[in-house]
Structures are given as C-alpha cells and as structure tokens.
Amino acid sequence: MATVIKRGKMLHIQWFDPSKKKVNSMSTNMVSNPKNLKLAKQLAKEVQDQLSTEYEKVKQNKLREATIQNAFDHFLELRSERQRKTIRDYKRFYEFFKKSFSPDDGVSVINKISYENWLMSMKKLEMEKNSIHAIGKQGTNFLNHLFEYGYIDMFKVNRNVKTKPEVKPIIVFKEEELINIYNNLGSKKERFVKLIKVLYYTGLRSKDILTISREKIDLVKKEFTYFDNKRKIWRTIPYHNKLHDLFKDELEASSSGNVIDYANEDNISQAMRNYFVNDLKWEDTVLSARTFRKTFMTGMKKVVSDSTIVQELVGHRHNAIIDIHYNAIDKKMLKEALNKYPSFEQLIKWNKQKKSKTKKV
C-alpha cells in the first residue's frame, strides 16, 4: 500500500514491491504542509493504482502459465470444506479429464474446441447417461473456476455438446420389500435395527441422522434437532410416534452421545448393502440407504395434501419465497401429518388383509 511519509521537511511516497520483496520510496519534492500533504496523498493513490494494475498483470500472466494440475489443486483447495462425497465427485471428474488433458500441460490447451471434444468423447463411454452427466457437471464447475480466476479466456460451450441428464422413475421400496426388511431384523445388532427405524421414520439423509444426539432429543415435545448438511443449518422437527420408545431407551441408557453409532455415511451404505445382499439375498438390487428417503417422501405425499409439509419434514429447500413467508406450518400440523405415515406393523397388517381378500375371491 503506497503511503505518504515525512523525511525531514520533505514528503515522500513509500510502498512495498512484492516482485523485488523490498520497500521503495520516492520524493515528492514538496515541503510538508497541509496543502502539500493533500497533494501527496493523491499522488500516493495514483502510485498505488498503477502498482495494483501491474500486480494484476503479473498475477494473470502467472496463472496463464500454470499447469492443469496447478489449476485443479487450486480448485480443490477452495472447495476443501465441501462434503466428502462432493470432493470424491471432483476427483472422479478429474480422472476422466486427464484422459484427454495431461496434468502437466499448460491451462492454455483448454479451449472451446478441445473442451467440447472431451465432452463428446465422454458421451461415447459405455456408462449410464446420468453418470456421464454427473462428470459433465463437475467439468462445468472446473471450467467456471478457470474463467473466474483468469486461467483461460471465457468461451461458451455449445449446448448440443453438453451432457444431459436422463429422467428415471423414482426408486422406492415396495410394501413387500419393507415387510421383508423389518421381519429379518431379529438377527441383527441393535445399532443396525436403530438405523433402519430412524431412516424409515424420518426420511432424512444418512449424513444428517448421524448428527442426532441424545442431548438434542425432547421426549416431552416429541422433537429432535439435527444438522442439515446440505443447507448447513440446525433444524428441529417432530418425530414419528414409533420412534418415541427408541429415543426413550437411548436417553435412559445415556444422556449424551449420538443415537446412530456409525462413523460416516459410507459405513451406513455398506451396512445396508450387506443386509440387502447377504441377509435378504437381493444380489442385483439398486436399493440403498437413500431409498428410505425417497420412500418416505413418496409415502408422505400420499397421506398429506400439502407438499410443503413433506418439504419441511425432510429438509428440502422451499420452492418459492411465498412458501417460506406465507405457508404457516406449525409443529402440531407436522406431527399430525407425520403420524399418518404407516408403521412397519401397519404395513404387515395391511398386507395380511390384502392376502386374505385375495384368497376369498
């Protein structure tokens, strides 16, 4: 920062030169007085503006001389606090990106033609369309990073070349599958049984249920608080009646600690996969821990007419500002709606009734 200093009776301008790593100064040839001080400060500002312009040019030139690996490391560094799954998605994209662009090449090799050629090569891979699109989305994020920090000149990708998602039917548990999941829990450890019940009766993401602690359970109000990792906020919501005894037992066992005893969401996914494949013999299944969330949302939409109630329960962002400000949903309404969601026992009862009617016919 260029500043005005006084040496003897004369005014000087002093600044730090980052390229030479030393302090420079020059005389203004003006005697120190209020009028000259004002002029000197204006001159110092002009010097600083010139220094800033030169610094940006040097910085820009250095960025444009950077390698693709340098740029990607910078990209990752800025996003280091994102969720682990998101970081994995970035790295997965980069593995595919490196098949067309050498990490040691300068960023200047990335231009409209070379990038679109990479996208077209991606679309030819024998992968699901949505998997290719997921990689393409991270490619867009990386490209925007290159534009934002001036690594390369901005260009527009042809929309016909961009990857596109494939809309697929929502995968949810069938009633028979849920009954099968519940009926085979007898041989499983207590922590896995808790996991199944909390996933089924809350519809929350695996990472979010890991933040449910005993200290944040209110048995009187029948509510609990968890951290919404997607929105980065703490949320308090009611719980299903079928979770009351489970939470009560947890608090009687200890007044602190997490309810769900798994290290991370990957462990939850693996435990669920093992149960489906090894215990239930669903070897080729695409069902996962996330299927409980989709099943919950689908089931809740069948029993309540207001979709905002479902949004509030599962922590989805509201679709419009009007929902946030004018849709008054109190905890009582949420509890009433939540407890319309069928329990495992109700599913078994309904299933028996259906079979009985079928036999009579």
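Values in this document were obtained by computation on a predicted structure and should not be read as measured data. (Residues numbered from 1 in each chain as written. Predicted model: local features only at pLDDT ≥ 70, side-chain atom pairs only at ≥ 80, totals over all residues. Heavy atoms only, no water.)

A. Representation of the overall build of the protein chain in the model. The number of helices and strands found in the protein chain is 15 helices and six strands. Taken over the C-alpha trace, the protein chain has a radius of gyration of 30 Å; the compact-globule value for 361 residues is 21 Å, which it surpasses by more than 25%. If you line up the protein chain on its principal axes, its C-alpha atoms span 105 × 55 × 40 Å. Within the protein chain, the fraction of its 361 residues that count as buried is 40%. Of the roughly 22,100 Å² that the protein chain leaves accessible, carbon and sulfur atoms contribute 50%. Between the mean site of the 70 positive side-chain charges and the mean site of the 44 negative ones, the protein chain shows a separation of 3 Å. (Helix = DSSP H or I, 4+ residues; strand = E, 2+ residues; numbered from the N terminus. Rg over C-alpha atoms; globule rule 2.2 N^0.38 Å. Buried < 20%, exposed > 50% of the residue type's maximum accessible area, 1.4 Å probe, protein only. Areas by Shrake-Rupley, 256 points an atom, 1.4 Å probe, with all protein chains shown as cover. Lys, Arg positive; Asp, Glu negative; His and termini not counted. Charge placed at Lys NZ, Arg CZ, Asp CG, Glu CD.)

B. Quick peek at empty space enclosed by the protein. Tallying each qualifying case throughout the model produces one cavity of 30 Å³ or more. In this structure, the largest cavity is lined by Tyr 201, Thr 202, Phe 224, Ile 237, Pro 238, Tyr 239, Phe 296, Leu 313 and Leu 338. The set of elements that each furnish at least two residues to the lining of the largest cavity consists of helix H7 (190-202) and strand E6 (233-238). Here the residues of the lining of the largest cavity are counted per class, giving eight nonpolar, one polar and no charged. (1 Å grid on protein atoms, 1.4 Å probe; cavity = no way out; pocket = protein on both sides within 12 Å on 5 of 7 lines; lining within 4 Å. Points joined across faces, edges and corners; volume = space filled by probe spheres on them. Nonpolar A, V, L, I, M, F, W, Y, C, P; charged D, E, K, R; others polar.)

C. Summary view of the side chain of Thr 202. With respect to the secondary-structure elements, Thr 202 resides in helix H7. Within polar-contact distance, the side chain of Thr 202 engages the backbone oxygen of Val 198 at 2.5 Å. At 3.3 Å, the side chain of Thr 202 forms a polar contact with the backbone nitrogen of Leu 204. Dropping the residues within four chain positions of it, Thr 202 is found in contact with Ile 209, Phe 224, Leu 243, Phe 296, Leu 313 and Val 314. (Polar contact = N/O pair within 3.5 Å; in protein donor to acceptor, adjacent residues only side chain to side chain. Contact = heavy atoms within 4.5 Å.)

D. Examining the nonpolar core more closely. Phe 276 and Phe 292 are the most contacted members of the largest nonpolar core, which has 53 residues in total. In terms of residue count, H7 provides more of this core than any other element does, eight residues in total. Other than its neighbours up to four places away in sequence, Phe 276 contacts Phe 173, Ile 181, Lys 281, Trp 282, Thr 285, Leu 287, Ser 288 and Phe 292. In terms of nonpolar packing, the next biggest core, distinct from the first, is built from 30 residues, Ala 71, Ile 87, Ile 110 and Ile 135 among them. (Core = buried A, V, L, I, M, F, W, Y, C linked by side-chain atoms within 4.5 Å.)

E. The layout of surface pockets, seen in detail. Space inside the largest pocket adds up to approximately 2,100 Å³. If you go around the largest pocket, you meet 46 residues; those closest to its centre are Lys 85, Asp 89, Lys 230, Arg 290 and Lys 294. Tallied by class, the residues present in the lining of the largest pocket amount to 13 nonpolar, twelve polar and 21 charged.

F. Spatial organisation of unusual backbone geometry. Even without a glycine there, the phi angle at Asn 29 is positive, about 60°. Looking at the element boundaries, Asn 29 is found in strand E3 (residues 22-31). Despite not being glycine, Lys 232 has its phi angle at roughly 60°, a positive value. Residue placement: Lys 232 occurs in the loop between strand E5 (223-228) and E6.

G. Inspection of the environment of Arg 293 at higher detail. Turning to its location among the elements, Arg 293 is positioned in helix H11 (residues 290-303). On the basis of relative accessibility, which here comes to 3%, the residue Arg 293 falls in the buried class. Spatially, the C-alpha atom of Arg 293 lies 7.1 Å from that of Leu 199, the residues being 94 residues apart in sequence. Not counting residues up to four positions away in its chain, the partners in contact with Arg 293 are Gly 203, Leu 204, Arg 205, Val 314 and His 316. From its side chain, Arg 293 meets the backbone oxygen of Val 314 in a polar contact 3.2 Å long.

H. Structural detail: the packing of helix H3 (residues 84-97) against helix H4 (residues 112-123). Two elements in contact, H3 and H4, have axes whose closest approach is 11 Å; the angle formed by their N-to-C orientations is 100°. Looking at the two axes, H3 sits roughly perpendicular to H4. Only Tyr 115, Trp 118 and Met 122 of H4 make contact with H3, whose side of the interface consists of Phe 93, Phe 96 and Phe 97. Broken down by class, the residue content of the contact of H3 with H4 amounts to six nonpolar, no polar and no charged. (Axes fitted to C-alpha atoms, helices over the stretch in contact; angles between N-to-C directions. Parallel < 35°, antiparallel > 145°, perpendicular 65-115°, else oblique.)

I. Structural view of the packing of aromatic side chains. Inspection of every chain in the model, using the stated rule, returns 30 aromatic pairs. Aromatic pair Phe 75 and Phe 142: ring centres 5.5 Å apart, planes at 80°, arrangement edge-to-face. Taken as a pair, Phe 75 in helix H2 (residues 68-78) and Phe 142 in helix H5 (residues 129-148) lie far apart in primary sequence, 67 residues in all. Comparing Phe 75 with Phe 142, the two get one shared label, buried. (Phe/Tyr/Trp six-rings, centres within 6.5 Å; stacked < 30°, edge-to-face > 60°.)

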